[in-house]
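Structural description and commentary
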Amino acid sequence: MRFLALLPLTLIHTAMPTVYFKEQFLDEDLWKSRWVKSKFKNGYGKFKLTSGKFYGNAQKDKGIQTRGDGKYYAMSSRFTPFRNEGNTLVIQFSIKHERTVDCGGGYVKLFPSDLDQEQMSGQSKYYIMFGPDICGFERKLVHVIFYYKGKYYELKKEIRCKDDPFTHLYTLIVRPNQTYEVKIDNEKVRSGNLETDFEFLGPKKIKDPAVKKPDDWDDRPTIDDPADIKPEDWDQPEFIIDTSVKPPFNWDVQVDGEWEPIKLRNPKYKVRAGSIFDNFLITNNEEYADKFAKSTWGKTTVAEKNMKDKLDQILQEKRKRQEEERKQRIQEQGYDDFVYEQEQDDEDEYHEIDDEEENDGDYHLHRSRDEM
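Residues numbered from 1 in each chain as written. Predicted model: local features only at pLDDT ≥ 70, side-chain atom pairs only at ≥ 80, totals over all residues. Heavy atoms only, no water.

Before going further, it helps to spend a moment on the layout of surface pockets. Any empty space left between atoms is shown by rolling a water-sized probe over those atoms. Quantified by volume, the largest pocket comes out at close to 860 Å³. Along its surface, the largest pocket is lined by 27 residues, and Asn84, Ile128, Phe146, Tyr147 and Tyr148 are the ones closest to its centre. Of all elements in the fold, only strand E11 (139-148) and helix H1 (194-197) reach the threshold of two or more residues within the lining of the largest pocket. With 3 residues, the top contributor of residues to the lining of the largest pocket is E11. Taken together, the residues of the lining of the largest pocket break down into 17 nonpolar, 5 polar and 5 charged. (1 Å grid on protein atoms, 1.4 Å probe; cavity = no way out; pocket = protein on both sides within 12 Å on 5 of 7 lines; lining within 4 Å. Points joined across faces, edges and corners; volume = space filled by probe spheres on them. Helix = DSSP H or I, 4+ residues; strand = E, 2+ residues; numbered from the N terminus. Nonpolar A, V, L, I, M, F, W, Y, C, P; charged D, E, K, R; others polar.)

This is the structure in structure tokens:
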């Protein structure tokens, strides 16, 4: 899973908007001086400053993009500690899953100011966790988790996150009157009372300690179904053999060597990097956050979709030409000798996949829910 780590703070309360943290990545590589990689584990994936392959504004839409499929990422940024007692707290950021995510998180965490950034991990104590998390078809939710008196409490009501390839804005508002609000794309999707929608105060009813369980009681909430079998696509490899391609009729093993099966990119393999984080904001003022949202995400979202539509049209025309050329080659030669040009998903056609060739530093995001 992916999460960005941000470290909390202590400022004097004022009536004017107070910005505790803001990051838009508008100063090219200088952002690297503000973010610290974790050394908790080796082999973290890379990330890169980019606006992606489609965007509303090439410069303003630049953000941090995860690089390297199926990897974990760890990075954090520090800011002056603050207290939100008696103040509204707004946490806001945008994320674009430019490539289809089969299992990946896009949430942020606010840590105590004494966090050792180089040892940040999934076990590190945090105060708030907020943002989208996707894993399979069913799990597409927005996390809202608070730390309170030594325990973590998650929102009892489900919020569905966005799972398309466009940039989306996520906003969490916590008010001093014990209410909260969650927005997606600057529109309210959930609100309520903290005491009602979180188990901070414990359950209203408890089990009767005098009642004993039967001797034959089974505590397991679920058991394996002996009749169940593993789905065929349970463990999908990145490349699969193209069984439709056979050796040419004149293939001679003694002259040409052993025939090697052709491998194609597996369309069901989707544990992918490519998510872009941008427009981070932590403030005490809802109106300021709303204006910031409209001046950033709000100004580019329509243009981003228009550019994506144009790219899709170009790609569709390209695929049509390639298919016509393929059919012609087969008709003339009896087989397709250009099949080595591995076909890819539409999204990979205009997405860079040269992660191993990049040398733009070793600063990392952290994406993990289970291992870290």
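This part takes up the environment of Lys162. Note that Lys162 resides in the loop between strand E12 (151-154) and strand E13 (167-174). For Lys162, a relative accessible area of 34% puts it in the partly exposed group. Between the C-alpha atoms of Lys162 and Pro132, which are 30 residues apart in sequence, the distance is 7.7 Å. If near-sequence neighbours (up to four positions away) are discounted, Lys162 is found in contact with Ile134, His168, Tyr170, Ile184 and Asp185. (Buried < 20%, exposed > 50% of the residue type's maximum accessible area, 1.4 Å probe, protein only. Contact = heavy atoms within 4.5 Å.)

A few words on the environment of Thr167. Along the chain, Thr167 falls in strand E13. Sequence separation of Thr167 and Ile276 is 109 residues, and the distance between their C-alpha atoms is 8.2 Å. If sequence neighbours within four positions are ignored, Thr167 has contacts with Ser94, Ile95, Lys96, Asp185, Trp297 and Glu304. Polar contacts involving the side chain of Thr167 include one to the side chain of Glu304, which spans 2.6 Å. (Polar contact = N/O pair within 3.5 Å; in protein donor to acceptor, adjacent residues only side chain to side chain.)

Taken as a whole, this structure holds 16 salt bridges when the rule is applied. Salt-bridge contacts for Arg83 lead to Glu85; the nearest nitrogen and oxygen are separated by 3.2 Å. Just as Arg83 is exposed, Glu85 falls in that class too. In this structure, Lys96 and Glu304 form a salt bridge, with 3.6 Å as the shortest nitrogen-oxygen distance. With Lys96 in strand E7 (residues 89-97) and Glu304 in helix H4 (residues 297-333), the pair connects residues that are 208 residues apart, well separated along the chain. Each member of the pair, Lys96 as well as Glu304, carries the same accessibility label: buried. Linked through salt bridges whose partners overlap, the residues forming this network are Glu23, Asp27 and Arg34. (Salt bridge = Lys/Arg side-chain N within 4 Å of Asp/Glu carboxyl O.)

By size, the foremost hydrophobic cluster in this structure holds 40 residues, and its most contacted members are Phe130, Val144, Phe146, Leu172 and Phe198. It is E7 that contributes the most residues to this core, 4 residues altogether. Counting residues in each nonpolar core, the second largest holds 9 residues, with Tyr44, Tyr107, Phe111 and Tyr126 among its members. (Core = buried A, V, L, I, M, F, W, Y, C linked by side-chain atoms within 4.5 Å.)

What follows deals with the environment of Phe21. On the secondary structure map, Phe21 appears in strand E2 (residues 19-23). In this structure the C-alpha to C-alpha distance between Phe21 and Ile282, which are 261 residues apart in sequence, comes to 5.0 Å.

Right, let's get into unusual backbone geometry. Notably, Lys149 is not glycine yet its phi reads approximately 50°, a positive angle. For Lys149, the location among the structural elements is in the loop between E11 and E12. Phi at Gln178 is positive, roughly 70°, even though this residue is not glycine. Of note, Gln178 is situated in the loop between E13 and strand E14 (179-184). Given a relative accessible area of 37%, Gln178 falls into the partly exposed group.

Glancing now at empty space enclosed by the protein. Summed over the entire model, instances satisfying the criterion amount to 5 cavities of 30 Å³ or more. Estimates place the volume of the largest cavity at around 110 Å³. Elements represented by at least two residues in the lining of the largest cavity include exactly E7, strand E18 (275-283) and H4. Per-class residue counts for the lining of the largest cavity are 2 nonpolar, 6 polar and 4 charged.

Per-residue pLDDT for the protein has a mean of 80; in total, 77% of the residues score no lower than 70. Note that pLDDT drops below 50 for residues 9-14; the model gives that stretch 18 contacts with residues more than four away or on any other chain. Throughout residues 349-372 the model reports pLDDT below 50, and contacts reaching past four residues in sequence, or to other chains, amount to 103 contacts. (pLDDT = per-residue confidence, 0-100.)

Moving on, we get to the pairing of E18. Counting buried residues in E18 gives 9 out of 9 residues, a clear majority hidden from the surface. Here E2 pairs with E18 via 4 bridges, running antiparallel. Among the inter-strand pairings, Glu23 is bridged to a residue of E18, identified as Phe280. Strand direction decides the pairing type here: E7 and E18, joined by 7 bridges, are antiparallel. Bridged to Gln92 within E18 is Leu281. (Pairing = 2+ DSSP bridges.)

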